[in-house]
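Below, each chain spelled out in residue letters.
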Amino acid sequence: MTVLVTGAAGFIGFSTCLRLLASGKQVIGIDNLNSYYDPALKNARLAQLEAFPNFTIRKIDIAVDDLLTVFTAFEQRSITEILHFAAQAGVRHSVMMPFAFVDANVRGQVAILELAQRLPALRHIVYASSSSVYGRNAALPFRETDRVDQPGSFYAVSKRAAELTAECYHHLHQLPLTGLRFFTVYGPWGRPDMAYYLFAKAITEGRPVTLYEGASLGRDFTFIDDAVDAICAVMDLPPSDQVRILNIGSNVPEPVARLISLLENFLGRKADIQMTPRPSADVEYTWASLEQIQQLIDWQPATSLETGLEQFSRWFLSYQHS
Ligand SMILES: NC(=O)c1ccc[n+]([C@@H]2O[C@H](COP(=O)([O-])OP(=O)(O)OC[C@H]3O[C@@H](n4cnc5c(N)ncnc54)[C@H](O)[C@@H]3O)[C@@H](O)[C@H]2O)c1
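Each residue is numbered by its place in its chain's sequence as written, counting from 1. Per-residue local features of the predicted model are confined to residues with pLDDT of at least 70, and side-chain atom pairs are confined, for both listing and counting, to 80 or more; whole-chain, interface and lining totals are unaffected and use all residues. Side-chain measures here rest on the full set of heavy atoms in the structure, leaving out hydrogens and waters.

Under an unreviewed UniProt entry, the name given to the protein is NAD-dependent epimerase, and the source organism is Acetobacter aceti NBRC 14818.

Written as structure tokens, this is what we have:
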């Protein structure tokens, strides 16, 4: 029984692998360690995973390499779950580099599902989608049944395309699939391109913090440990005859200004805040309804923004000085 985790050197993939490995599961990771953000951080995460004897990594590109030739016949027979997190992320990056999103997120999704239908022991594929698919949806909180045909960025388009691809592969090949719409996942070993990380870096380096006008609305932040709890619980519950889509959020939208003031507190420095117009790719508000996931599993995000940012800040300061 082996779990295949794509994007294993990434933030969510790494954090999930740690949990699976600590519980004794056999894990094969995939990552191409690309340089969208500093590969040193990806390598530092990977080094921790490689300390486990039950972990192996394949440094390959899911959008380019032939995945069937990557695994031995024994490995192909032993994979029971796929957690597919590898992707090109970054809402604003997708405005500049849309083809990177077609490759990693659309072609990559097809490649994983082509592999999946050839794995004889496979029980469940869980893949990462995003709250960004809700785009310019105005109904709050965001529900999985809401319309998702008004994307605000090409990143959102690529994630919605991945969801539709999953729906199609389930219809054609009866694959058991669950898509997780993550809402701003943050925490130790997090992603340096995300706002909370950029704010922390600017605050500690004494540079201005750019805050978008209207950003005082709200954003649903999910602490990484809460997200991993949900991923692991959902992984063990493949749907019997449907493609599931579930929000993974906190259901507590927070003003971005509060995020900054908590960071100031935990990093011990005041932020030099500069207001700027919000880029059109950024959505104004995110807020996850958790009704669907809570009908499936007994899960309540346990970490407040305050506790989560304290843990992040402690890690951030030690990583910056390492
Ligand atoms: N972190 C969040 O707040 C958030 C929110 C919504 C959705 N998501 C989704 O969750 C998933 C994980 O996000 P993350 O925050 O860990 O991002 P991440 O960028 O840290 O991790 C993604 C990993 O995938 C790898 N990768 C990218 N393209 C690849 C390819 N073609 N072949 C092999 N590996 C490749 C990258 O090197 C990286 O290590 C992504 O699908 C992302 O879109 C994340």
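**Comments concerning the overall build of the protein**
Using the following cut-off: Strands are runs of DSSP state E lasting at least two residues, helices are runs of H or I lasting at least four, and both sets are numbered from the N terminus onward. Throughout this description, buried means an accessible area under 20% of the type-specific maximum (1.4 Å probe, protein chains only), exposed means over 50%, and partly exposed covers the range between. The Shrake-Rupley method, run with a 1.4 Å probe, gives the accessible areas here. Residue values count only the displayed protein chains as cover. We treat Lys and Arg as the positive residues and Asp and Glu as the negative residues; His and chain ends play no part in the count. Taken as the charge centre is NZ of Lys, CZ of Arg, CG of Asp or CD of Glu, depending on the residue.
From N to C terminus, the protein includes 11 helices and 13 strands. Dimensions of the protein, computed from the C-alpha atoms along their principal axes, are close to 55 × 45 × 40 Å. Burial status across the protein gives 54% buried among its 322 residues. Counting only carbon and sulfur atoms, one obtains 53% of the accessible surface of the protein, whose full area is about 13900 Å². Once the 27 positive and 33 negative side-chain charges of the protein are each reduced to a mean point, those two points are 2 Å apart.

**Considering the site of the ligand**
Let me state the cut-off plainly: Residues are counted as near a molecule or strand when any one of their heavy atoms sits within 4 Å of it. What qualifies as a polar contact is a pair of N or O atoms within 3.5 Å, subject to a donor-acceptor requirement within protein and to the restriction that residues adjacent in sequence count only when both atoms come from side chains.
Taken together, 28 residues are adjacent to the ligand, and D31, Y37, D61, Y155 and V185 come closest. Within the backbone of N32, one N or O atom sits 3.1 Å away from a nitrogen atom of the ligand. Take K159: an N or O atom from its side chain is 2.8 Å from an oxygen atom of the ligand. Computed on the free molecule, the ligand has an accessible area of 830 Å², of which 97% lies beneath the protein chains in the complex. For the shell around the ligand, the secondary-structure elements that each account for two or more residues are α1 (11-22), β5 (124-130) and α6 (154-173).

**Some remarks on the packing of helix α9 (residues 256-267) against helix α11 (residues 305-320)**
We apply this condition: Axis definition: a line fitted to C-alpha atoms, limited for helices to the stretch in contact. Angles are taken between N-to-C directions and run from 0 to 180 degrees. Our angle categories are set so that under 35 degrees counts as roughly parallel, over 145 as roughly antiparallel, 65 to 115 as roughly perpendicular, and the remainder as oblique. Left-handed describes a crossing in which the near helix is turned anticlockwise from the far one by less than a right angle; the clockwise case is right-handed. Should any heavy atoms of two residues lie within 4.5 Å, those residues are considered in contact. Amino acids outside the nonpolar list (Ala, Val, Leu, Ile, Met, Phe, Trp, Tyr, Cys, Pro) and the charged list (Asp, Glu, Lys, Arg) are all regarded as polar, and Gly is one of them.
For the pair α9 and α11, interaxial distance at closest approach is 9 Å and the crossing angle is 50 degrees. Judged on the interaxial angle alone, α11 and α9 are oblique. At the point where α9 passes α11, the crossing takes the right-handed sense. For the pair α9 and α11, the contacting residues are R258, L259, L262, L263, F266 and L267 in the first and L305, E306, L309, E310, F312, S313, F316 and L317 in the second. By residue class, the composition of the contact of α9 with α11 is 10 nonpolar, one polar and three charged.

**Digging into empty space enclosed by the protein**
Counted only if it meets this: The way it works is a 1 Å grid over only the protein atoms, where trapped points that fit a 1.4 Å probe form a cavity and open points with protein on both sides within 12 Å along at least five of seven lines form a pocket, and then any residue with an atom within 4 Å of a point lines it. Grid points are joined across faces, edges and corners, and a volume is the space filled by probe spheres set on the points.
Tallying each qualifying case throughout the model produces one cavity of 30 Å³ or more. As for the largest cavity, its lining consists of H84, F85, A86, A87, A104, N105, Q109, A128, K159 and A162. Where the lining of the largest cavity is concerned, the elements lending two or more residues are α5 (98-116) and α6. For the lining of the largest cavity, the leading source of residues is α5, giving three residues.

**Quick notes on the pairing of strand β1 (residues 2-6)**
The criterion, for reference: Each pair of strands is called paired provided DSSP finds at least two bridges between the two strands.
Of all five residues making up β1, five are buried, and the element is well covered by its neighbours. By the alternation rule, side chains of β1 split into T2, L4 and T6 and V3 and V5, which are all buried. Relative to strand β2 (residues 26-30), β1 is paired through five bridges, and the arrangement is parallel. Within β2, the residue paired with L4 across the bridge is I28.

**Overview of unusual backbone geometry**
Omega for the peptide link from L140 to P141 comes to -10 degrees, which places this bond in the cis form. Examined against the element boundaries, P141 turns out to sit in the loop between β5 and α6. Notably, W189 is not glycine yet its phi reads approximately 65 degrees, a positive angle. Looking at the element boundaries, W189 is found in the loop between β7 (185-186) and α7 (195-205).

**Examining α11**
Selection rule: Multiplying one less than the number of residues by 1.5 Å gives the expected span of a helix.
With 16 residues, α11 extends 22 Å between its outermost C-alpha atoms, agreeing within 8% with the 22 Å of an ideal straight helix rising 1.5 Å per residue. Every buried residue belonging to α11 is among L305, G308, L309, F312, S313, W315 and F316, and all of these are buried. Looking at the buried positions of α11, the neighbouring elements they touch are α2 (39-50), β7, α7, β10 (222-223), β12 (253-254) and α9.

**Quick word on the side chain of E163**
Turning to its location among the elements, E163 is positioned in helix α6. Discounting chain neighbours no more than four positions away, the residues touching E163 are Y127, S129, V133, R181 and I245.

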